[in-house]
Each structure stands twice: as C-alpha cells, then as structure tokens.
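# Understanding the architecture of this molecule
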Amino acid sequence: MAVTQVQVLLAVLDAVHCASVAQALMQAGAAVSLVQMRSPDFLMEELEARNPDLLVLELDRAAGVLERVRERHPRLPVVVALTKPTEKIAFTISRLGAEDVWTLPMSAVAMEERVRAVLRRVPLPAPIPLPAPMPDSPVELGEDAPDASVSPSRILEDDPEIDPSMPLLPPPAMVGANPHMAEIRDTLDKVAGTDVTVLIRGESGVGKEVIARLLFERSRRSQKPFVKVNCAAIPHDLLESELFGYEAGAFTGATRIKPGKFELADHGTLFLDEIAEMHPMLQAKLLHVLQDGKFSRLGAKRDISVDVRVICATNKLLEERVREGLFREDLLYRINVVTIFLPPLRERLDELPALTDYLLRKYAIQYDRAPHRFSPEVTRRMQEYDWPGNIRELENLCKRFVIVGSETQILRELSSRKALPSASSEGPAASGGAPGKTASATPTATAPDLSLLEVGRRAAWEAERHAIQEMLEATHWNRREASRRLQVSYKALLNKIKQMHLEEKAATARAAEDAKENTTT
C-alpha cells in the first residue's frame, strides 16, 4: 500500500466558519486534519508534528501567524481563508505569498471549484512503500515510514557501538517484561482472532493506534481495509457524512454519491479514535450500526448492510462522561466488550531502552544519519522524567536528536520540566515527579538557571491549579458550576483538571471518605 493522498492541515479560528471548507476538501479526496488555532506557537507545533502537504489557514485582521509560517516553512503551500478581508491584510498576504485567498462564506459550487483548483497545484506526495509487517509484530509507532533507498548496513557501519547483525526494524510496541504489557499481550492473543468490539483506553500518546493495528494485523480481516476515523478532528456536522456517507442531493453541494467510512471498511476493521468526542445524537446511529450491522446514507431511502469490526479508543473517562450526559450509557456497554488499558510510559520505563533504540535507528535511516545512542547522563534523566506526552513525546525527542545531533537541548528540556506538575503535552510545563504532586512555590529553587519567562509560566501554572482546586472543592466537585464561576468553558475546565491530575486527587479523597464511613459503620 502506498500513501498518495494530499494531507491538509485546516487551522481555524472558528470551526463553524470553516465547516464548508473541510467538507469541500474531503469531497475532493484530501485527508483533512482540523485544529483550533490557539496561538502561533501551537500552530508551529502542529505543523512540525503533522508535516502537511497543504495548510489552509483562517486569519482575522492580523497576518503575523502567516509570517511565522513563511519563516519556518517557506515552501509549504498555504491557502488563506478570511471572514473580514481588509486592504491591509490582503496586501500582506500577497507579499508573503499564498496559493489562494478564500473569502468566507462562499457558495458550495464556488468552494468546490476553488478547492479542486488548489489541490491540482499541490504536488502529490511521493508514494511511500510501507514495510511488510513482521510475524506477530505491530506496525511502527510513527507516521513516517523509513526511506527504503537508504542502505541500513551502510548507516550502521558509522557507529561501532551498534551491532549490524541486530534486527533494524523490530517495532517495539510490545516489548519488555512489564506485567501490564504482558497482560495486554495475553489479551491480544485471545481476542485478535474474534470479531468482538474492543475499547482501548489510555492517555494521549501511549500508542493506542499501535494496539488497534496489532489487533487488525493478527485478525482474519488483515487482508481487508483498515480505516481510521479521528472523531475529535472532524466537526460534528461533518462526522455523520464522513462515517455513513451521503446521496447526491442530500444537502447543498452534495453533487454525487459519497460512500462513508463504514462502507469503505466493509469486511475489514474500522478504528474510531477519540470516540468520547462524538456527539450524543451521532452516538445513537453508531449504536444502531453496531447492533444490526445496518445504516443508511444521508438522504438515502434504504439501509446498507456491512460486516465491520469496530475498535474504539479514548483518553477520557467514559463513565464520567456518561454521568455528565455527554456519552450514551448503552453505547458504552456495547463498545466495552473487551477493554485494553494501555499504561502511560512513566509506568513502563523498563521499555525505554528498547523504544529509544528502535526510534533512533528508524530516524537514522529516514534522515540518512549515522545512528548514535544517548549518553549515560541523558539515559538517566530520561528514566527520571515523567513523560507527560508518553511515546509520542519520546518519538519527537529521538527525532530531534537524530536531526540535530546535540544532547544539550534535550538535557535542558528534561531538567527544566522535571520539577513541574505532571501535565499533558499541551500544558505549559510537565513534571518528572509523581502525578498530582505540587511544585514548589519557588520554582527557581530546583532550577536556578531558568529564564524569567519560564519562572512566570510556572508561577501562573501553580496559581491556576490552586484556583481550580479551591473552586472544585467549594462546589463539591460540580464541574459545570465551577466552570460557570471561573468563567471558562466546561470543556476547557475538564482539560485543565486532567492536565493537572486533579481527578486522581479527587478519587483518592473519595476513597478515603468511603473508608472512613465504612469504619464508622
């Protein structure tokens, strides 16, 4: 199989404005990843992580973010979408260069024409042959396949510490003697050959898709399609048509029949990533398909029968979302036939040596660099680090080391984050200590060489965490009331609670109260 689809990153200020853009891009055959543009720095991180073939960027009255994009990615094709065009911003865009400028809203016909014209000018990525999977081995952790034109033996000769006779690409998703992973291996062996629905749980970046592909590779459907849908990356209004397809004339702009992902995955496997983000109204239709194996396209008058194995993944606590009315309880029971909980990297640090060895070798081949191992000092710091971004963070770190070849930046990063509260990779900082621990009130005590900016970020992080914790306790953990009083969105508060590991603290407190009540009784 070869990857030849144009990868589009759609960075929006308002998902409502750009829903028609996303729909037109997908109708034209592009693979679309939609992100909410929180800041220029966030967009730069997304560009580095996703490496798209085309960027569609929604701008307001400022073009500073476009200047940043041009500085870092001068050859990346960019389309600018505007809802409030002005002469000043139009002049800036023309100076910086763009494939096209779209003024929103736009009619469906005009949007389709503009999208297809742009996609015709974007160079189609060269097919990347995916290596044949080894027996009983998972697919690779990363999205980028190694360059088959580079001779592994030639690269290995550059480093006498690496034994050329060792297997170069044994993907290490299931390595080591960690008891959690041993249990997962046993579960995989038992359920891979069946058609039961599997729910994979775990933090962001732990490798849930790797496990899903492992189930697929070991199943009787391994020669059939494996189709992935990220429920969080597609707006709710588009997700239904993406999953189930639509008939010609079902809505404005639907000029032809479009099969959905369920049809494309017929006799194969459908992987629903981040299923917790699916809208409750769409959950009802999904439940119907899982129960009966039938659904109808948008605008259709008849049902379609499919034979699809469904694998779901989430980094959210679905039981909590059921209590909040955000997830259907009957759907939870339906997808939770077999659950695989993938522990975070900090709970399986014994796998670090095998993971780093694999990743360093992989990117040495991909970027035609001589492979080198980390020094003992970096290895020690990595063992002490909390890895809030899990394997995804480790992968980026190894990739950076292979490209740059310097450990200074890596040591500084591991050291500066070590004393902070553990958080997701989206937080301002991360911790190497136990989850839920609070950093010192004087952050410079453990890292005197921090910049003033970093000191300010740490102080703000601690102040915000303290304020949220106090408000949650004041509202008896009524999160909707807490979000109202703190004047933040409910979803933003849930993300903060997870990043700051306040859920774990609350669970511990509830367990202590229950134990006290039982003792009293």
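The following paragraphs examine the structure supplied in this document. Remember, predicted model here, so these are calculated numbers, not experimental data. (Residues numbered from 1 in each chain as written. Predicted model: local features only at pLDDT ≥ 70, side-chain atom pairs only at ≥ 80, totals over all residues. Heavy atoms only, no water.)

### Some points on the overall build of the protein
Basically, it comes down to this: Secondary structure is summarised from DSSP: a helix means a run of H or I of at least four residues, a strand means a run of E of at least two, and numbering begins at the N terminus for each. A 1.4 Å probe rolled over the protein chains alone gives each residue an accessible area, and that area as a share of the maximum for its type sets the label: buried under 20%, exposed over 50%, partly exposed in between. For this analysis, residues touch if any pair of their heavy atoms sits within 4.5 Å.
What the protein contains, in helices and strands, is 21 helices and 14 strands. Every one of the 521 residues in the protein was classed for burial, and the buried ones make up 47%. Sequence-distant contacts, at least 24 apart, represent 69% of the contacts inside the protein between residues at least 6 apart.

### Examining helix α2 (residues 40–50)
Those residues of α2 that sit buried are Phe 42, Leu 43, Met 44, Glu 46 and Leu 47. On its buried face, α2 sits against β1 (7–12), β2 (31–36), β3 (54–59) and α3 (64–72).

### What to know about the pattern of salt bridges
If charged atoms from side chains of opposite charge come close, those side chains can pair. Cut-off, in case you're wondering: Here, a salt bridge means any side-chain nitrogen of Lys or Arg that lies within 4 Å of a carboxyl oxygen of Asp or Glu.
Tallied over the full model, the rule gives 32 salt bridges. Between Glu 203 and Arg 346 there is a salt bridge whose closest N-O contact spans 2.5 Å. Remark: Arg 346 occurs in the loop between β14 (338–341) and α14 (352–366) and Glu 203 occurs in the loop between β6 (198–201) and α8 (208–217); sequence separation between them is 143 residues. Assessed through its relative accessible area of 15%, Arg 346 is described here as buried. When the shortest N-O distance is used, the salt bridge between Lys 316 and Glu 277 registers 2.5 Å. Separated by 39 residues along the polypeptide, Lys 316 in the loop between β13 (309–314) and α12 (318–323) and Glu 277 in the loop between β10 (269–273) and α11 (280–292) bring together distant segments of the chain. Bridged by salt links that share partners, the residues Asp 195, Arg 220, Arg 221 and Asp 307 form one connected network.

### Topic: the sheet that holds strand β4 (residues 78–82)
Convention followed: Two strands pair under a simple rule: DSSP has to find at least two bridges between them. Axis lines are fitted to C-alpha atoms, over the contacting stretch for helices. Their N-to-C directions set the angle, which ranges from 0 to 180 degrees.
Spatially, five strands are ordered β2-β1-β3-β4-β5 in an open sheet, and the strand pairing comes out parallel. The two strands at the open ends of the sheet, each matched to only one other strand, are β2 and β5 (100–103). Strand-to-strand twist across the sheet, computed as the mean angle between neighbouring axes with direction ignored, equals 20 degrees. Where helix α5 (residues 108–121) meets the sheet, it contacts β1, β3, β4 and β5, and its direction lies at approximately 165 degrees from that of β5.

### A look at the nonpolar core
Using the following cut-off: What we call a nonpolar core is a set of buried Ala, Val, Leu, Ile, Met, Phe, Trp, Tyr and Cys residues that are connected through their side-chain atoms within 4.5 Å.
Core analysis: the largest hydrophobic core is formed by 57 residues, its most contacted members being Phe 262 and Leu 272. When neighbours within four sequence positions are excluded, Phe 262 is seen to be in contact with Leu 243, Phe 244, Leu 270, Leu 286, Val 289, Phe 295, Val 306, Val 308 and Val 310. By size, the runner-up hydrophobic cluster in this structure holds 21 residues, among which are Leu 345, Leu 355, Leu 359 and Val 378.

### Here's the deal with the sheet that holds β14
The strands that make up a sheet pair up through hydrogen bonds in the backbone, lying either parallel or antiparallel. Read from one edge to the other, the open sheet built from five strands follows the order β7-β10-β13-β6-β14, with strand pairing classed as parallel. Bordering the open sheet on either side are β7 (226–230) and β14, each of which pairs with just one other strand. Shown here is a sheet whose adjacent strand axes are inclined to one another by a mean of 20 degrees, direction ignored. Summarising the sheet, β6 and β14 pair through four bridges and their orientation is parallel. The residue of β14 that forms the bridge with Arg 201 is Phe 341.

### Some details on the packing of helix α19 (residues 479–486) against helix α20 (residues 490–499)
To keep things clear, this is the line we draw: Between 65 and 115 degrees an angle is taken as roughly perpendicular, under 35 as roughly parallel, over 145 as roughly antiparallel, and anywhere else as oblique. Three categories are distinguished: nonpolar for Ala, Val, Leu, Ile, Met, Phe, Trp, Tyr, Cys and Pro, charged for Asp, Glu, Lys and Arg, and polar for the others, with Gly belonging to the last.
Contact pair α19 / α20: the axes reach a minimum separation of 9 Å and the direction vectors enclose 105 degrees. If you check the angle between α19 and α20, you find them roughly perpendicular. Contact with α19, carried on its side by Arg 479, Arg 480, Ala 482, Ser 483 and Leu 486, involves Tyr 490, Leu 493, Leu 494 and Ile 497 of α20 and no other residues of that element. Its residues assigned to classes, the contact of α19 with α20 shows six nonpolar, one polar and two charged.

In short, shape yes, function no, at least from these values alone.
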